[in-house]
Amino acid sequence: MSKTALITGVTGQDGSYLAELLLEKGYKVYGLVQRSANYQFENIEHILKDIHLITGDLEDSSSIIRAVQQSMPDEVYNLAAQSFVKASWDIPELTGSATGVGVTRVLEAIRIIKPDARFYQASSSEMFGKVMEVPQKETTPLYPRSPYGVAKVYGHYATINYRESFNLFACSGMLFNHESPRRGREFVTRKIANGVARIKAGLDTKLIMGNVDAKRDWGFAGDYVRAMWLMLQQDTAQDFVIGTGETHSVEEFLDLAFKHVGLNWKDYVEQAEEFMRPAEVDLLIADPSKAKSVLGWEPSVSFPELVSMMVESEMKLVEASK
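All of these numbers come straight from a predicted model, not from anything done at the bench. (Residues numbered from 1 in each chain as written. Predicted model: local features only at pLDDT ≥ 70, side-chain atom pairs only at ≥ 80, totals over all residues. Heavy atoms only, no water.)

Undergrad: How would you sum up helix 5 (residues 188-200)? Please name residues and give values.
TA: In this model, helix 5 (13 residues) spans 18 Å end to end at C-alpha, consistent with the 18 Å of a helix rising 1.5 Å per residue. Three or more residues of helix 5 are buried, namely Thr189, Arg190, Ile192, Ala193, Gly195, Val196, Ala197 and Ile199. Within two residues after helix 5, Gly202 carries a phi angle of roughly 80°, on the positive side. (Helix = DSSP H or I, 4+ residues; strand = E, 2+ residues; numbered from the N terminus. Expected span 1.5 Å × (residues − 1). Buried < 20%, exposed > 50% of the residue type's maximum accessible area, 1.4 Å probe, protein only.)

Here is the structure:
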């Protein structure tokens, strides 16, 4: 008998890749979508006929309850959030409500309506923030450096609390940066890929950046949703760090992206104070050894392949829009 899954944030990068994966595995997929003036279905347009959409919001408990009642899921993947770190300083209260307390709203709905459902929480490497050890693993102390990171810590510990207090199968994936051509346009990797494509096409002459020295552990989103699914197939609920175990600077990303089109990034990139964060996270690098040994998970896309994939995608989009 096929399983049923409910995905919050189904229209986002991770939600769309996860929906594809679950459909391939024969799941009946429900997706929670926000009601807005402009529906953003770009990432799931090709599978809209195959999934069931429910209107709801992580800031509205009644809509979460209705979504669980309507779908009666075997698995719930909470991928929705106010997920742009820089914006979390501008809207810290909303970020706390959606990204943090929103997790509790989903967990409560599961506890009351479908306590045998398995729950996945999208935790974040931003929780490590001002890192206490390198690389970061499941037991590394948390030291968030943004309202987003703080909210993710709340959601992370809410998940642990519900697991231990109510015996729910609830686990968190402490995912490091993962990118793809479906990444939101406000994120630095998509911004770079798009900037490179526009400069190569002669539409722009400069790319304005913030801190190019920050280092991240970047992987491919399609690999990471596979890890999410694997976590919910285990005998016991556990938390896992998911990442490549490699670190690369924003400057390295710029270098590879511009080289892909035969250009030198130093000729086109300028830095501006407005794109700097009030408190920066300087170095994130995962220790994914637990995920590799317990889940049998391995990333399949290398950093250079990821950069090339994103630049190629943006070049096609720019060409199509000309």
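Undergrad: I'd like to hear about helix 4 (residues 147-166), residue by residue, with values.
TA: If you check helix 4, its first and last C-alpha atoms are 28 Å apart, about what 20 residues at 1.5 Å a residue would give, namely 28 Å. Buried residues along helix 4 sit in contact with helix 3 (92-113), strand 5 (118-124) and strand 6 (169-175). In the stretch just after helix 4, Asn167 is the one whose phi turns positive, near 60°. (Contact = heavy atoms within 4.5 Å.)

Undergrad: Quick one: what's the story with the sheet that holds strand 1 (residues 4-8), residue by residue and with numbers?
TA: The parallel open sheet is built from seven strands, whose spatial order is 3-2-1-4-5-6-11. At either end of the open sheet lies a strand with only one pairing partner, and these are strand 3 (52-55) and strand 11 (240-242). Recorded for the sheet is a direction-independent mean angle of 20° between the axes of neighbouring strands. Together, strand 1, strand 2 (28-33) and strand 4 (75-78) form the strand contacts of helix 1 (residues 13-24), whose direction differs from that of strand 1 by roughly 175°. This element, helix 3, spans strand 4, strand 5 and strand 6 of the sheet and lies at about 170° to strand 5. (Pairing = 2+ DSSP bridges. Axes fitted to C-alpha atoms, helices over the stretch in contact; angles between N-to-C directions.)

Undergrad: Residues and numbers for the side chain of Ser249, please.
TA: Considering the arrangement of structural elements, one finds Ser249 in strand 12 (residues 248-249). On the basis of relative accessible area, Ser249 is assigned to the buried category, the value being 10%. Excluding residues that lie within four positions of it along the chain, Ser249 makes contacts with Val212, Asp213, Ala214, Lys215 and Trp218.

Undergrad: Explain the nonpolar core to me, using residue names and the numbers behind them.
TA: Formed by 61 residues in total, the largest nonpolar core has its most connected members in Tyr77, Tyr120, Ile242 and Leu254. For this core, the element with the highest residue contribution is helix 6 (residues 221-231), accounting for eight residues. Setting aside chain neighbours within four positions, we find Leu254 in contact with Ile192, Leu207, Met209, Val212, Trp265 and Val269. Counting residues in hydrophobic clusters, the runner-up holds 21 residues, among them Ile64, Val68, Val103 and Ile110. (Core = buried A, V, L, I, M, F, W, Y, C linked by side-chain atoms within 4.5 Å.)

Undergrad: Which residues make up the packing of helix 5 against helix 9 (residues 303-321), and what values do they have?
TA: Interaxial distance between helix 5 and helix 9 falls to 8 Å at its minimum, and their mutual angle equals 50°. If you check the angle between helix 5 and helix 9, you find them oblique. Like other packed secondary-structure pairs, helix 5 and helix 9 cross with a definite hand, here right-handed. Taking contact as the criterion, the partners of Thr189, Arg190, Ala193, Asn194, Val196, Ala197, Arg198 and Lys200 in helix 5 are, on helix 9, Met310, Val311, Glu314, Met315, Leu317 and Val318. (Parallel < 35°, antiparallel > 145°, perpendicular 65-115°, else oblique. Left-handed = near helix turned anticlockwise from the far one by under 90°.)

Undergrad: Mind laying out unusual backbone geometry, listing which residues take part and the relevant values?
TA: Cis geometry marks the peptide bond from Val134 to Pro135; its omega dihedral reads -5°. Mapped onto the elements of the fold, Pro135 is located in the loop between strand 5 and helix 4. We note that Met72 has phi near 40°; this positive angle belongs to a residue other than glycine. Relative to the helices and strands, Met72 resides in the loop between helix 2 (61-71) and strand 4. Of the residues examined, Met72 reaches a relative accessible area of 38% and is grouped as partly exposed.

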